[in-house]
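# Structural overview for review
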Amino acid sequence: MGILEKISEIEKEIARTQKNKATEYHLGLLKAKLAKYRAQLLEPSKSASTKGEGFDVMKSGDARVALIGFPSVGKSTFLSLMTSTASEAASYEFTTLTCIPGVIEYKGANIQLLDLPGIIEGAAQGKGRGRQVIAVARTADVVIMMLDATKGEVQRSLLEKELESVGIRLNKHRPNIYFKPKKGGGISFNSTVTLSQCSEKLVQLILHEYKIFNAEVLFREDCSPDEFIDVIVGNRVYMPCLYVYNKIDQISMEEVDRLARKPNSVVISCGMKLNLDFLLEMLWEYLALTCIYTKKRGQRPDFTDAIILRKGASVEHVCHRIHRTLASQFKYALVWGTSTKYSPQRVGLTHTMEHEDVIQIVKK
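Now for a description of the structure that goes with this document. (Residues numbered from 1 in each chain as written. Predicted model: local features only at pLDDT ≥ 70, side-chain atom pairs only at ≥ 80, totals over all residues. Heavy atoms only, no water.)

## A closer look at the overall build of the protein
Selection criterion: Helix and strand assignments follow DSSP, with helices taken as H or I runs no shorter than four residues and strands as E runs no shorter than two, numbered in order from the N terminus. Three labels apply to residues, based on accessible area from a 1.4 Å probe with only protein chains included: buried if under 20% of the type maximum, exposed if over 50%, partly exposed otherwise in between. All accessible areas in this document rest on Shrake-Rupley with a 1.4 Å probe, and a residue is counted as covered only by the protein chains that are shown.
Within the protein, the regular secondary structure consists of ten helices and 16 strands. Across the 364 residues in the protein, those meeting the buried criterion constitute 45%. Split by element, the accessible area of the protein, about 19400 Å² in all, is 51% carbon and sulfur.

## A look at the sheet that holds strand β4 (residues 142–148)
Under the convention used in this document: Strand pairing is assigned whenever DSSP identifies at least 2 bridges connecting the two strands. Axis lines are fitted to C-alpha atoms, over the contacting stretch for helices. Their N-to-C directions set the angle, which ranges from 0 to 180 degrees.
On the basis of which strands lie adjacent, the open sheet formed by six strands has the order β2-β3-β1-β4-β10-β11 and mixed pairing. Each having just a single partner strand, β2 (100–106) and β11 (265–267) make up the two edges of the open sheet. Each strand axis lies, on average, 25° off the axis of its neighbour in the sheet, ignoring direction. As paired strands, strand β1 (residues 63–69) and strand β3 (residues 109–115) are joined by five bridges and run parallel to one another. Looking at the pairing, R64 lines up with Q112 of β3.

## Some remarks on the packing of aromatic side chains
Spelled out, the test is: For this analysis, a ring pair means two rings from Phe, Tyr or Trp (six-membered ring only for Trp) whose centres lie within 6.5 Å, classed as stacked if their planes differ by under 30 degrees, edge-to-face if by over 60, and tilted for the remaining angles. A ring is considered to have a charge above it if a Lys NZ or an Arg CZ atom is located within 6 Å of its centre and within 35 degrees of its normal.
On inspection of all chains with the given rule, the structure shows five aromatic pairs. An angle of 90° between the planes, with centres 6.4 Å apart, marks the rings of F179 and F228 as edge-to-face. One end of the pair, F179, is in strand β6 (residues 177–181); the other, F228, is in helix α7 (residues 225–233), with 49 residues separating them in the sequence. As far as the burial class goes, F179 and F228 line up, both buried. When the centroid spacing of 5.0 Å and the interplanar angle of 75° are considered together, the rings of Y293 and F303 count as edge-to-face. You can see Y293 sitting in strand β12 (residues 289–294) and its partner F303 sitting in the loop between β12 and β13 (307–310), a full ten residues away along the chain. Taking relative accessible area as the criterion, Y293 reaches 11% and is therefore assigned buried. Cluster of aromatic residues (ring-pair linked, three or more members): F179, F189, F219 and F228. Positioned above the aromatic ring of Y243 is the side chain of R156, whose terminal nitrogen or guanidinium carbon lies 3.7 Å from the ring centre. Stacked on the ring of Y332, the Lys or Arg R346 has its end atom at 3.8 Å from the ring centre.

## Brief notes about the nonpolar core
Test applied: The nonpolar core is taken to be a set of buried Ala, Val, Leu, Ile, Met, Phe, Trp, Tyr and Cys residues, with the residues joined through side-chain atoms within 4.5 Å. Domain ranges listed in this record stem from an automatic or a database domain assignment. Only heavy atoms enter the contact rule, under which two residues are in contact if any of them lie within 4.5 Å.
Among the nonpolar cores identified, the biggest contains 65 residues, and F78, M146 and I268 are the most heavily contacted of them. When residues in this core are grouped by element, the largest group, eight residues, is from helix α9 (residues 276–287). Of the residues that make up this core, three or more belong to each of domain 2 (63–86 + 97–171 + 237–286) and domain 3 (289–363). Beyond its immediate chain neighbours, meaning those up to four positions away, F78 contacts L67, L113, I144, M146, I268, C270, L276 and L279.

## A look at the packing of helix α3 (residues 75–82) against α9
So the rule is basically this: Should an angle lie under 35 degrees it is considered roughly parallel, over 145 roughly antiparallel, and from 65 to 115 roughly perpendicular; all remaining angles are considered oblique. When residues are grouped by polarity, Ala, Val, Leu, Ile, Met, Phe, Trp, Tyr, Cys and Pro land in nonpolar, Asp, Glu, Lys and Arg in charged, and all others, Gly among them, in polar.
Where α3 meets α9, the closest approach of the two axes is 12 Å, and the angle between their N-to-C directions is 85°. Viewed along their axes, α3 and α9 adopt a mutual orientation that is roughly perpendicular. Contacts from F78, L81 and M82 of α3 reach α9 at L276, L279 and L280. Residue classes in the contact of α3 with α9 are distributed as six nonpolar, no polar and no charged.

## Some details on helix α10 (residues 315–322)
Just so we agree on the cut-off: This arc is taken over the directions from the axis of the helix to the C-beta atoms.
V315, V318 and C319 are the residues of α10 that are buried. Down the axis of α10, the buried side of the element spans an arc of 100°, and every buried residue falls inside it.

## Remarks on the side chain of R64
What counts, and what does not: In protein, a polar contact requires one atom able to donate a hydrogen and another able to accept it; more generally it is a pair of N or O atoms within 3.5 Å, and residues adjacent in sequence count only if both atoms are side-chain atoms.
With respect to the helices and strands, the residue R64 is situated in strand β1. Among the polar contacts listed, one links the side chain of R64 to the side chain of Q112, at a separation of 3.1 Å.

## Notes on the environment of A39
Looking at where A39 falls in the secondary structure, it is placed in helix α2 (residues 24–42). Note: C-alpha distance between A39 and V166 (127 residues apart in sequence) is 7.7 Å.

## Points about the pattern of salt bridges
Pairs may arise between side chains of opposite charge once their charged atoms sit close together. Selection rule: Every case where a carboxyl oxygen of Asp or Glu lies within 4 Å of a side-chain nitrogen of Lys or Arg is listed as a salt bridge.
Scanning all chains against the criterion turns up eleven salt bridges. Its salt-bridge partner being E164, residue R169 comes within 3.6 Å of it at the nearest N-O pair. One salt bridge in this structure joins D257 and R261, with 3.1 Å as the shortest N-O distance. In the salt-bridge network here, residues are joined through shared partners; they are E164, R169, K172, D230 and R236.

## Thoughts on the sheet that holds β6
Strand order in the open sheet formed by three strands is β6-β8-β7, with mixed pairing between adjacent strands. Pairing within the sheet leaves two strands with one partner each, and these edge strands are β6 and β7 (187–191). Taking the axes of each pair of neighbouring strands and ignoring which way they run, one obtains an average angle of 5° across the sheet. Judged from the five bridges that link them, β7 and strand β8 (residues 215–219) form a sheet pairing that is parallel. Following the sheet pairing, I187 is matched in β8 by A215. Sheet strands touched by helix α6 (residues 200–209): β6, β7 and β8. Its angle to β7, the strand with the most contacts, is close to 140°.

If you want it as structure tokens, here you go:
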């Protein structure tokens, strides 16, 4: 019996099992087995004799965005509109067969946009080069899920299911569970909150399924068995996702309004170039980037060349971005902007910078 057959057997078993207090341990064990088999499926086969053609492209720019979607939803048209790269677009499916990169220049930042081939159902099992597509998506900072507004909600749920099964968690945060395997001493279980979905017995059963008999587990929030399995496996990727509904010029205004009001969703039309500027604003928000401008003593700030950093970056990050030896020679910095109480404020290395702050660094 192959791994795929085992996975489908477990999925059928989960589907036909009633969810109640008596079956929660059985379901927990099944979910642990399912996660284990899926992890084995993602591992490259050892018997691969010839080396395949590379699919990933080199990371460049300040952030990376992956375009994921079914064939013929408008990914290549979107890439051609947003960047100077021309990606082949035609009225038949699977026009794009490899990963095509482009660069969006927005607010002084270079955002790398990857046009990936269309995903089909069963991509997580490797159908239609799906595994390579999803592997590239794991390296992105934000996923843009392109959906056809005329097809309803079917595409979204299918894509979410495919990404979930390979360990990509969309618009979720990492579970607040402390987990540390030990050499001995059995399983020590504690929780700082009342648990409604997990119990000590279920946690022990799941750990035993993974052959872990000595560990320290502390729940700091009420998590489900699935989230606990994610913590044990440890290779899950938590990333923001923007659901983009294309082809809104082909549906009614009421339907456009309904889709636009959904969380994490944007409606656009690549054919008529509708709402693309709002999508860029939303993308900037999801990437959480900040622009920092530098200033020399006695001169005006240089607003043409910004330093692009992640939200929450400190003065030390700015120093490393300018030159790696600058932090060791750092004396103090003067900062103008919203992160200070008054302008200019004299700050140290730990000061957190905000969007469009101006900094002047003084060396020893």
